[in-house]
Every structure is written in structure tokens, then in C-alpha cells.
Amino acid sequence: MKPIRIKSISEFHRLRNLPKPEHPLISIIDYADLKFSHEEKGQKLSATFDFYSISVKRNLSGNLQYGQQQYDFDEGLMSFVAPNQVFGVEVFKEEITNPSGWIMMIHPDFLWNTSLAKNIKKYEYFDYSVNEALFLSEKEEMTINNIVENIKQEYHSNIDKFSQDIIISQLETLLNYAERFYQRQFITRKISNHQILDRLEKLLTDYFNSDDLSIIGLPTVQYISDRLNISQSYLLSLLKTLTGRTTQQHIHDKLIEKAKEKLSTTDLSVSEIAYELGFEHLQSFSKLFKTKTKLSPLEFRQSFN
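Residues numbered from 1 in each chain as written. Predicted model: local features only at pLDDT ≥ 70, side-chain atom pairs only at ≥ 80, totals over all residues. Heavy atoms only, no water.

Student: I'd like to hear about the environment of L111, residue by residue, with values.
Tutor: Relative to the assigned elements, L111 resides in the loop between strand 8 (100–106) and helix 2 (116–119). Overall, the relative accessible area of 3% leaves L111 in the buried class. Taking the C-alpha atoms as reference, L111 lies 7.6 Å from I168; in sequence the two are 57 residues apart. (Helix = DSSP H or I, 4+ residues; strand = E, 2+ residues; numbered from the N terminus. Buried < 20%, exposed > 50% of the residue type's maximum accessible area, 1.4 Å probe, protein only.)

Structure below.
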């Protein structure tokens, strides 16, 4: 089903039969107030927003399209969606009792002339939210909910010249806590994350052992993330947390390992090896090899003689 585009927070309120938002550029809605129509039940719905959304949800009447993996956590589920990302939900036919949580919507215009206008780009979970939601412990959820209550109280009050700065400050605090909790999630999910590392290692090994490497060329970061079914930014964050290295560095490590194997165990020329490894130009291969090993391919080969 083609996603519908929701251009404003007021439009979202209108589509979900909610009262007009108190502020046109920021709104916090209780999930208990979100109702699905009879026609929507049993359907897969999707939309793109022209604004940011942050939410915490429990016991909802639908499967939200955030994660590619299943986890053993049953605490609060926090998710982040940036403008123009697809947000999906499969609505259950039967109503779920006692849904709870909230969704906060922030239009980019609200961030103009504030520190967050630029800094919000540094929070990578807005990029990989569709692949990895944040699972909160009870204590973490309480911390987040308290900040949201502060924001809610502020925009329910009479708006004055301090309101935006106070809300922005609270938003930054919330995003920084989320950053901390994501790092905790990377660490506490060691088994799952190390499985991704194992899959990455096997994927690269199989790729560089392919007889078609000279035709298909070197693997890209996009190819790797697609095959692992996680976003580029999430994979980068995970690898940097667990190994201190980027996805591209892992690709290069495997490439150099394969190059060393060919240089030390075959009689192929350096040009032939470069071609077999997917390089169009010998110079590019030689430059990368020397950058990584401090030796040229020929110097490395000669060191075995």
C-alpha cells in the first residue's frame, strides 16, 4: 500500500480525529487517544511525515514496522522517525485493552535558530529507527517520561519568549538520554550483535572467495548493510561500538587478507591479483595495499622469498 504523506502536525490530528494541537509545530499525543476505524482494522497502513516523531509505546493494537529482529526484551519500546521516513503499522482486527505510551511530533520549523536545528542530525538513531527500536528498562522509561511531561507542561502553559528555549533544552536532554540508552542496548545485546559480526565475516569471506569478483567489483557499504538487513548507520554504530572500526575498514581488512593470501600462495602477477579482487586499476589496488600494510604488493611478496 502506497504511504500517505502527512505534511503537518495539524493534518495528523485531523486524520486521527484528535482535537486541534495547542501548538502547530509540536504536539504530544497519548496512544490511548489514537483510535483506528473499522475499515483500518486488519490492514497494513503506512505514511511518511514531514516532521520528526519520537514515541514510547506499550500494548498497542498493531504491529509497528520498526525492527527487523526479535528480542527478548518486553519493556517499553521507543522509536524515532525523521521526516520522509516510512512509518508503518499493521492494525489488529481485535481491540487491545489498555494501550499506553505517547507520540511526540516536532516540525523542523520549530528547531530553526536553535542548537538542535543542526545537532539533531548527529543522533543516528533517527536514521536507523526503521531497523532498530530502543528497548527501555522501567527506570529508563521513567526518566524519558518525566522529560516528556516537562515538555508537555511547558507547551500547555501560556507561550512566552522563553518557551521555545525551555522545550529545546528538554528535547536535547531527552535525545542525549536516548543516545546513552542506545549504547547500553548495543552492549547488553552482545549475543545478537556478535551474531551480526559473524554474519558480516561470513558475508565478506564468501564475497571475496567468489569467482565473479572481477565482474561484480568490490562490495559497497550499501550492499553489506542490505545483505545484513540493517541500515548503514546502524551497522556503522554497532561496529564502532564493538570493534572501533567502520564498515569500510572491515571491507578493506578482508580485501587485504585475501590479497596477502594470493600474493603469498600463487604465481599470479600483481595486476592479475588486482583484477581478480575487483579493481579496475592496478594503481588503486597498490595504493590501498601500501596504505594498509606499509609495503607495496611486490615488497610483501618478496618478503616471503
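Student: Could you give me a rundown of the confidence of the model for the protein, with the residues and numbers involved?
Tutor: Residues with a pLDDT of 70 or more make up 82% of the protein, whose mean pLDDT is 82. Low pLDDT (under 50) marks residues 66–75, which in the prediction has 33 contacts with non-local residues, meaning those over four places away or in another chain. (pLDDT = per-residue confidence, 0-100. Contact = heavy atoms within 4.5 Å.)

Student: So what's going on with unusual backbone geometry? Residues and values would help.
Tutor: For N229, which is not glycine, the phi dihedral falls at a positive 65 degrees. Tracing the backbone shows N229 in the loop between helix 8 (221–228) and helix 9 (232–242). Looking at N229, the relative accessible area reads 40%, which means it is partly exposed. Non-glycine residue K294 carries a positive phi angle of around 70 degrees. According to the relative accessible area criterion, K294 is exposed, its value standing at 68%.

Student: Let's hear about the side chain of S55: which residues, and what values?
Tutor: Here S55 is to be found in strand 4 (residues 52–58). Among the polar contacts listed, one links the side chain of S55 to the side chain of K57, at a separation of 3.0 Å. At a separation of 2.9 Å, a polar atom in the side chain of S55 contacts the side chain of S79. (Polar contact = N/O pair within 3.5 Å; in protein donor to acceptor, adjacent residues only side chain to side chain.)

Student: Lay out the pairing of strand 3 (residues 44–49) with the relevant residues and their values.
Tutor: Counting buried residues along strand 3, five of its six residues qualify, which places the element largely inside the surrounding structure. Looking at chain direction, strand 1 (residues 4–6) and strand 3 are connected through three bridges and run parallel. Across the sheet, I6 pairs through a bridge with F49, a residue of strand 3. (Pairing = 2+ DSSP bridges.)

Student: Any chance you could break down the side chain of H250 for me, citing the residues and the numbers?
Tutor: When you line up the elements, H250 lands in helix 10 (residues 247–265). Note on H250: relative accessible area 16%, which makes it buried. Once residues within four sequence positions are removed from consideration, H250 is found in contact with L200, L204, L239, T243 and R245.

Student: So what's going on with the pattern of salt bridges? Residues and values would help.
Tutor: A full pass over the atoms with the stated rule returns 10 salt bridges. Close ionic contact of E257 with K254 constitutes a salt bridge, the shortest N to O distance being 3.4 Å. Of this pair, E257 and K254 are both found in helix 10, three residues apart, which corresponds to roughly one turn of the helix. On the accessibility criterion, E257 (48% relative accessible area) is partly exposed. Note on K254: relative accessible area 6%, which makes it buried. Note that K262 and E276 form a salt bridge whose closest N and O atoms lie 2.8 Å from each other. (Salt bridge = Lys/Arg side-chain N within 4 Å of Asp/Glu carboxyl O.)

Student: Which residues make up the packing of aromatic side chains, and what values do they have?
Tutor: The geometry of two aromatic rings is summed up by the distance between their centres and the angle between their planes. Taken as a whole and assessed by the stated rule, the structure comprises 15 aromatic pairs. Ring centres of F80 and Y125 lie 4.2 Å apart, and the angle between their planes is 40 degrees; on these two criteria the pair is classed as tilted. With F80 in strand 6 (residues 76–81) and Y125 in helix 3 (residues 125–128), this pair connects stretches of sequence that are 45 residues apart. For the pair formed by F80 and Y125, the shared burial category is buried. When the centroid spacing of 5.9 Å and the interplanar angle of 35 degrees are considered together, the rings of Y177 and F181 count as tilted. Taken as a pair, Y177 and F181 lie in helix 5 (residues 163–188) at a separation of four residues, close to a single helical turn. Given a relative accessible area of 29%, Y177 falls into the partly exposed group. Among the aromatic residues, those joined into a ring-pair cluster are Y52, F80, Y123, Y125, F126 and Y182. (Phe/Tyr/Trp six-rings, centres within 6.5 Å; stacked < 30°, edge-to-face > 60°.)

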